[in-house]
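These are the residues of each chain, in order.
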Amino acid sequence: MGNSEVYLTDVTGRDGFQMEKDWIETEDKRLILQGIIDAGIKRIEATSFVSPKSIPQLKDAKEIVGSLKSEEITVVALVPNVKGAENALKSGVDEINFVLSISETHNRKNVNHTVRESLEEVYSIQKLMNSTQTVLNVSLGTTFGCPFEGKFNVSKVSSVIDQLMYNGVDKVTLADTTGMANPKKISHYITTLREAFPVVQFSLHLHNTRGMGLVNLLAGYNAGVRHFDASLGGIGGCPFAPGATGNVCLEDVVHMFMEMGVPIGPSINLKKLINTSKKMEEILGYKLPGQVMKAGTAGEVIAN
Ligand code: COA
Ligand code: ZN
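Residues numbered from 1 in each chain as written. Chains lettered and ligands numbered in written order. Predicted model: local features only at pLDDT ≥ 70, side-chain atom pairs only at ≥ 80, totals over all residues. Heavy atoms only, no water.

Brief notes about the overall build of the protein chain
So, step 1. Check the secondary structure of the protein chain and you find twelve helices and nine strands.
So, step 2. Relative to the 2.2 N^0.38 estimate, which gives 19 Å for 304 residues, the radius of gyration of the protein chain is 18 Å and therefore close to what a compact globule would have.
So, step 3. Oriented by its inertia axes, the alpha-carbon framework of the protein chain measures out at about 60 × 40 × 35 Å.
So, step 4. The burial tally for the protein chain puts 56% of its 304 residues in the buried class.
So, step 5. If you take every contact in the protein chain between residues at least 6 apart in sequence, the share linking residues at least 24 apart comes to 73%.
So, step 6. When the accessible surface of the protein chain is split by element, carbon and sulfur atoms take 51% of a total near 13100 Å². (Helix = DSSP H or I, 4+ residues; strand = E, 2+ residues; numbered from the N terminus. Rg over C-alpha atoms; globule rule 2.2 N^0.38 Å. Buried < 20%, exposed > 50% of the residue type's maximum accessible area, 1.4 Å probe, protein only. Contact = heavy atoms within 4.5 Å. Areas by Shrake-Rupley, 256 points an atom, 1.4 Å probe, with all protein chains shown as cover.)

Rendered as structure tokens:
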């Protein structure tokens, strides 16, 4: 299966904070994200360039990107349309993550476009990005099922990726927006899609809505995926999908791979990550879903 090393993208700043109703001070956001970076996470989806009417929490996107930019890390921002891409490019992000959903209903509710219109936006964004160094990734929401439309066949996902590839997109994130996947489904989808699109770099973005986040992630790993999203403390979710809850928890994912002896590139300081998660818990003011932050690592001797 080749390289066993995994690569993690922290999505706390975008997927995590977008679900927080109470305003988080920009400085607090920055402190949390810097803590994650200092713990060794070098790819970070820090914010999104969306309408402040849709997601008021992320209206400080430009400041956040400006405060994090450095040579050592890759700053990613989510965008829903051309306007978002223009603003993201102006801010100097390293990578744009364009979001569209496999489900027409969710795409309409989330970004107010048909799937076809979203694919046309991708084409326009590609043209905008032609003369830049910025990388484009496309995230496919509701890949494994939709709270409005139910389950899809993998061929529906393939046909969207076909059109993306036609436009030159070779980085694709498969997102389980509301936790409708299971390990068997993940294996089937990943095997089918990797075989159909060998040049595409697939990432998995998994929500723990039904408690299957980590087993799904491991199923993805066993099927050959090496790139995963996760969020500190397990916060997050899509405000435009009913019942959405948090992502797989970043420090729990790191802990699992470390215990398994799977290398994570580059190396991560788990203690620092857990401390940052505890600090975030204080800032947000409620108990976070993360497990290892409560139990400690399996390597720690706690019984006597
Ligand atoms: N950033 C900031 N403002 C934007 C914008 C963007 N990316 N795209 C559109 N706008 C502004 C327009 O300028 C316009 O402003 P005005 O009222 O002052 O003239 C207004 O929003 C409406 O523009 P329109 O193109 O009609 O957008 P819309 O109302 O159809 O909303 C989106 C479409 C995509 C902007 C909105 O649905 C959105 O921001 N969705 C984000 C969804 C999201 O983040 N989901 C979670 C992540 S998966
Ligand atoms: Zn998500």
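Examining the packing of aromatic side chains
So, step 1. Enumeration over the complete set of coordinates arrives at three aromatic pairs.
So, step 2. Put simply, the rings of Tyr221, Phe228 and Phe257 touch in pairs and so form one group of aromatic residues.
So, step 3. Stacked on the ring of tryptophan 23, the Lys or Arg lysine 59 has its end atom at 5.0 Å from the ring centre.
So, step 4. For the cation-ring pair, arginine 226 lies above tyrosine 221, with the distance from its terminal atom to the ring centre recorded as 4.0 Å. (Phe/Tyr/Trp six-rings, centres within 6.5 Å; stacked < 30°, edge-to-face > 60°. Lys NZ or Arg CZ within 6 Å of the ring centre and 35° of its normal.)

Structural notes on the coordination of the zinc ion (ligand 2)
So, step 1. At this site the zinc ion (ligand 2) is bound by Asp15 (OD), His205 (NE2) and His207 (NE2), with donor distances of 1.8 to 2.1 Å.
So, step 2. Within one chain, the residues serving as donors to the zinc ion (ligand 2) are arranged as D-x189-H-x1-H.
So, step 3. Residue histidine 205 is classed as buried on the basis of its relative accessible area, which comes to 5%. (Donors = N, O, S within 2.8 Å, 3.2 Å for Na, K, Ca; no water.)

Re helix 2 (residues 26-38)
So, step 1. In this model helix 2 runs 18 Å from its N-terminal to its C-terminal C-alpha over 13 residues, within 8% of the 18 Å that 1.5 Å per residue would give.
So, step 2. When we look at burial in helix 2, the residues that qualify are Thr26, Lys29, Ile32, Leu33, Gly35, Ile36 and Ile37.
So, step 3. Contacts made by the buried residues of helix 2 are with strand 1 (6-10), helix 1 (12-16), strand 2 (43-48), helix 3 (61-68), helix 10 (250-260) and helix 11 (270-284).
So, step 4. Positioned one or two residues after helix 2, glycine 40 has a phi angle of 115°, which is positive. (Expected span 1.5 Å × (residues − 1).)

Here we look at the site of ligand 1
So, step 1. Within the structure, ligand 1 sits among 17 residues, and Ser51, Asn81, Lys83, Asn110 and Asn112 are positioned closest to it.
So, step 2. A distance of 2.8 Å separates an oxygen atom of ligand 1 from a polar atom in the backbone of serine 51.
So, step 3. A distance of 3.0 Å separates an oxygen atom of ligand 1 from a polar atom in the side chain of lysine 83.
So, step 4. Coverage of ligand 1 by the protein amounts to 64% of the 920 Å² it exposes when considered alone. (Near = heavy atom within 4 Å. Polar contact = N/O pair within 3.5 Å; in protein donor to acceptor, adjacent residues only side chain to side chain.)

Structural notes on the packing of helix 4 (residues 82-91) against helix 6 (residues 115-129)
So, step 1. Contact pair helix 4 / helix 6: the axes reach a minimum separation of 9 Å and the direction vectors enclose 25°. By the angle between their directions, the pair helix 4 and helix 6 is classed as roughly parallel. Note that helix 4 runs across helix 6; the crossing there is right-handed. Contact residues: helix 4 offers Val82, Ala85, Glu86 and Leu89, while helix 6 offers Glu121, Ser124, Ile125, Leu128 and Met129.
So, step 2. Looking at the contact of helix 4 with helix 6, its residues break down into six nonpolar, one polar and two charged. (Axes fitted to C-alpha atoms, helices over the stretch in contact; angles between N-to-C directions. Parallel < 35°, antiparallel > 145°, perpendicular 65-115°, else oblique. Left-handed = near helix turned anticlockwise from the far one by under 90°. Nonpolar A, V, L, I, M, F, W, Y, C, P; charged D, E, K, R; others polar.)

Some words on the side chain of aspartate 15
So, step 1. Mapped onto the secondary structure, aspartate 15 falls in helix 1.
So, step 2. Within the local environment of aspartate 15, its side chain forms a polar contact with the backbone nitrogen of glycine 237, the two atoms lying 2.7 Å apart.
So, step 3. Aside from chain neighbours lying at most four places away, what touches aspartate 15 is His205, His207, Gly236, Gly237 and Asn247.

Some thoughts on the pattern of salt bridges
So, step 1. Overall, the coordinates contain ten salt bridges when judged by the stated rule.
So, step 2. Ionic pairing is found between glutamate 95 and arginine 43, a salt bridge with its closest N-O pair at 3.0 Å. Placement of the pair is glutamate 95 in strand 4 (residues 95-101) and arginine 43 in strand 2, with a sequence separation of 52 residues.
So, step 3. On the basis of relative accessibility, which here comes to 3%, the residue glutamate 95 falls in the buried class.
So, step 4. Assessed through its relative accessible area of 23%, arginine 43 is described here as partly exposed.
So, step 5. Members of the salt-bridge network, linked through shared partners, are Arg14, Asp15 and Glu45. (Salt bridge = Lys/Arg side-chain N within 4 Å of Asp/Glu carboxyl O.)

So far we have only geometry, and geometry alone does not tell us how the molecule works.
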